[in-house]
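Residue-level listing of the chains:
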Amino acid sequence: MSTTGRADELQRLRAHVLERRAVLVVGPPGAGRTHVLEALADQLAGSGTEHCLLRGSDSEAGMPLVPFAPLLARFGVGLAAEGGPATLDVYTRLPAQVRAAGVTVLVDDLHLLTRASQVLLAQLARAGVALVATVPSLEMVPRAIKDDLGARGGWGAEHLGPLSDDAVLAMAADRLGDELSAPSAALLLRYAGGNPLVVRELLAGAAGTTTTGPAGATLGRLRVTPRLTELVDQRLAHLDPAAREVVELLAIAGPLPFAALPGVPVEWLLHHALLTRTEQPAPGAVELVDGLARGVLRDGADPTRTTEALTRGVAAASGRDGWEDVEVHLRSRLDGQVPLERVLGTAAREVARGATSLALDLLRRVEPDHAGVAELRLLLGSALSAEGRLEEADSHLVAATAAADADDQLLTRAGQELGLLLAVRAQRPAEAVERVSALAARVGDEGLRRVLHGDLVKWRLMAGMPLEEHPGALAGREASPVGRDAAAVAEVNDAVIGAMIASLDGSPAVARELVVRGTGALRRTDAVPAYVGDLLRLSHYLADAFDGRLAEAEEVAHAHRRRAATEGDPCLGMWEYATAELALHAGRVADARALADRARRHLAWRDFTGLGAAAVALRAAVAAREGDQAAADRLAAELQPEQASDVKVELHLARVRAQRHLLRGDETAAGDELAQAGLLAVEQSHRHLGLMAIDEAVLVHPASAGDRGALIAEHVHPDAALGPVLLRRAQAVAAQDPVALCEVAEDLARMGLHGRAASCLATARALLERSGRAEAARKAHLRQLTVLADHGATPWPPTDQPALLSPRELEVARLAAARLRSKEIADRCRLSVRTVDNHLARVYRKLGVTGRDDLPDALAALGGIVTGSPGPLEDADGVPTPRVAAGSDPAPTTAAVE
């Protein structure tokens, strides 16, 4: 059974069982109460914990205490007579017997028990029996139990909230055997609302029409099943007719102006969080919160009801500022009678914000005799390109430029779209440079021509061509006097290119400054594609990451990723790739794998960045790091030779080749692969990524640290925090200085690069062991283990050094240090008590301690390997001592005991 996303709840429930507490599992219909209870039963069975699973629904038999029949039979307690009332003996003897036997009682659907069964359950809880019972809401808890709810020693409550978006998508991938495509993922997230039952029903309903492709699994039309209809009816059962009418109107017509709707029911629905105010699709809108209700009510409406709702929607939107596009869409759905100029205007805005399917719905209704209109052909080309229909799109864009004559605005937009189609979506950047350059030569307006020249910088970088002019020069120029909108477009474009280059190759501070400038200019124009804002945010993320702020940057990036997943935003694949790449550099290989898998799918759906090939190469690098060289080679073989001209692709392919050399025992060749790719990246304006590859060359071939350190020193940017730390690592490896390596490890850990920090500590351990400083080596190794364990990182390159403590021994040691008994540790880790005691015996021997009481100090001492100070850098045992600058706070370290 699937309990995706409920690991934390299950762990807490097991803790309640260990503590012999009574706890309620509270969750609305579909939240997975039964699944969680059955999963808990399986875990208890696996750990040898005696338990009894009872069902409240058995009360329908009409006999007293029928749900408790298995428990009564087990302890030989009977009733007075068949069908007769329960004897007092059941209530007096059974609780004490169950408590003495240590049996855990699990009850599904507590609210369905008869009163006699409810009283017996309360008696069991008061006797100290470990109890877990499910109920839809606290309001449905019977009085016999409610009196003890929350009291000291009484019942606790574990609330099952909605599943996270990632858990929903993981659940779908598990059931379908593939990641969902971005549109299907967004649709599932909107409908499901984190409810596992809804996820299962929607996936089952779409099973017959689900297809798979490069972009992932695409769900067919989501079928509204009777269970889903029943669920929506339950949610809306308390609405009066006026409120129900508003809900149905918004479900069919979509968001509408608050001012155009009946005030009393709307205010009531807002107060009860069934509606929400929003500024999308227009100011002053209200929309239905429940995505499932929207789908069920819309699909269940008959044609007459649909026509009535659309007519009311048109009337509500008509004549209101900002609602023109909504009116066009509603009229188009109603009768299709919309003037061409309004259709083109609305379609242009939909394309600009990435809603290309909505744009195509409108454009398909345009009469054929308008096919020669240049604006129409441009919009069709733009929308079809985004939808992946590249040949059709190219023909429309060519027709648009042929019909444009001297329209510089239209030629510029066509050039931008053609470059995006050729360089990014068709992966032909050299052709993009040639054809966009030809179009730029036709543009007479200097400011608009600069926009295309800015795009050409990107396409040249992708093609591995030299830059005719460094984008930093573009960013510093004054915009030509070509009108407010064109000047803003040029300023945005210059900022995007300048920030991209600065974040990858230069000063993070300059990159952030350009992002601020570009964001300000973006507010002054709507004549740039919607994804431009995401490119600016990406540059800010990369600038922060390479400036030593990876943890904070990732938090922001994952927020953007989650929003994009919910909305089906075309930027989704970009954020998945960016977070996957830095997860790899941080040593979180499992995270990198999951994110790279999604990035591959979602960039195949929408890619305005040219990262599609890089995502395949990244996934290959992850497979190599995980030890699956065959999978890595298969993925690398999917790429065409010309795609390796993108240095991001080449960096990851170099990691695949380097791992192959390592498997053959050739560290020199592995280091050369990484160093050569890193130097190429530096030469092609990807300095920070290149330095990280050179740093990896030091890791795999320490003997070359002196030469590679000189290479890093030659290219390090003084304003980026990462490069100097990598330089210090290379210098410490070359000098075989374990103290300096421990200091660098703490700096890398603070930056969020925990895998690299652990590798530093591994090198320090080896050096300390060779010099005979066993105690210092032991502490360096324990610090390495805690860094890896606390952050889910994996050490690379792998080492043949024997581990002082295995991961399981470290886990057991930390739990014992936290004062858990062996039985509790065994239940937590799903081990036998004997195995736990054996682990502890080995831990004591390896750490040189005599028992549990010594463990907290032994593990806490691991935080002592931080930084050195002027003067003595080691204590008597050769252990590096902390260095803290005068007047500063101590550098944060990872807690050794959780």
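Because the structure is a prediction, the values reported are computed rather than measured.

**Focus: the side chain of Asp290**
Within the secondary structure, Asp290 is located in the loop between strand S10 (285–288) and helix H13 (291–300). Of the polar contacts made by the side chain of Asp290, one reaches the side chain of Arg235; its length is 2.7 Å. At 3.0 Å, the side chain of Asp290 and the backbone nitrogen of Leu292 are in polar contact.

**Considering helix H21 (residues 429–442)**
Here H21 contains 14 residues, and its C-alpha end-to-end distance of 20 Å stays within 8% of the 20 Å for a straight helix at 1.5 Å per residue. Residues of H21 that are buried include every one of Pro429, Ala432, Val433, Val436, Leu439 and Ala440, and no others. Buried residues of H21, viewed axially, fall in a sector of 140 degrees; they line one side. Exposed and facing more than 90 degrees away from the buried side of H21 are Glu434 and Ala441. Buried-residue contacts for H21 involve helix H19 (390–403), helix H20 (408–425) and helix H22 (446–463).

**A few points about the environment of Val25**
Mapped onto the elements of the fold, Val25 is located in strand S1 (residues 22–26). On the accessibility criterion, Val25 (1% relative accessible area) is buried. Note: C-alpha distance between Val25 and Ser137 (112 residues apart in sequence) is 9.0 Å. Beyond its immediate sequence surroundings of up to four residues, Val25 is in contact with Leu13, Arg33, Val132, Ala133, Thr134, Val135, Glu158 and Leu160.

**What to know about the packing of helix H32 (residues 647–663) against helix H34 (residues 687–700)**
Where H32 meets H34, the axes come as close as 11 Å, and the angle between the chain directions of the two elements is 5 degrees. Of the possible angle classes, the one that applies to H32 and H34 is roughly parallel. For the pair formed by H32 and H34, the contact residues are Leu651, Arg655 and Leu662 on the first element and Leu689, Ala693, Glu696 and Val700 on the second. Each residue belonging to the contact of H32 with H34 can be placed in one class, and the counts come to five nonpolar, no polar and two charged.

**Here we look at the packing of aromatic side chains**
Per the counting criterion, the structure on display carries two aromatic pairs. For the ring pair Tyr531 and Phe608, a centre distance of 4.4 Å and an interplane angle of 10 degrees mean the geometry is stacked. Of this pair, Tyr531 sits in helix H26 (residues 531–546) while Phe608 sits in the loop between helix H29 (589–605) and helix H30 (612–625); the two residues are 77 residues apart in sequence, bridging distant segments of the chain. For Tyr531, a relative accessible area of 18% puts it in the buried group. Pairing Tyr541 with Trp575 gives two aromatic rings, centres 5.9 Å apart and planes at 65 degrees, and the pair type is edge-to-face. Pair noted here: Tyr541 is in helix H26 and Trp575 is in helix H28 (residues 572–585), with a separation of 34 residues, a long-range link. Since its relative accessible area comes to 3%, Tyr541 is described here as buried. Here Trp575 falls in the buried class, since its relative accessible area comes to 0%. Over the ring of Phe258 we find Arg277, and its NZ or CZ is 4.0 Å from the ring centre.

Cut-offs applied
Residues numbered from 1 in each chain as written. Predicted model: local features only at pLDDT ≥ 70, side-chain atom pairs only at ≥ 80, totals over all residues. Heavy atoms only, no water. Helix = DSSP H or I, 4+ residues; strand = E, 2+ residues; numbered from the N terminus. Polar contact = N/O pair within 3.5 Å; in protein donor to acceptor, adjacent residues only side chain to side chain. Expected span 1.5 Å × (residues − 1). Buried < 20%, exposed > 50% of the residue type's maximum accessible area, 1.4 Å probe, protein only. Arc of directions from axis to C-beta. Contact = heavy atoms within 4.5 Å. Axes fitted to C-alpha atoms, helices over the stretch in contact; angles between N-to-C directions. Parallel < 35°, antiparallel > 145°, perpendicular 65-115°, else oblique. Nonpolar A, V, L, I, M, F, W, Y, C, P; charged D, E, K, R; others polar. Phe/Tyr/Trp six-rings, centres within 6.5 Å; stacked < 30°, edge-to-face > 60°. Lys NZ or Arg CZ within 6 Å of the ring centre and 35° of its normal.

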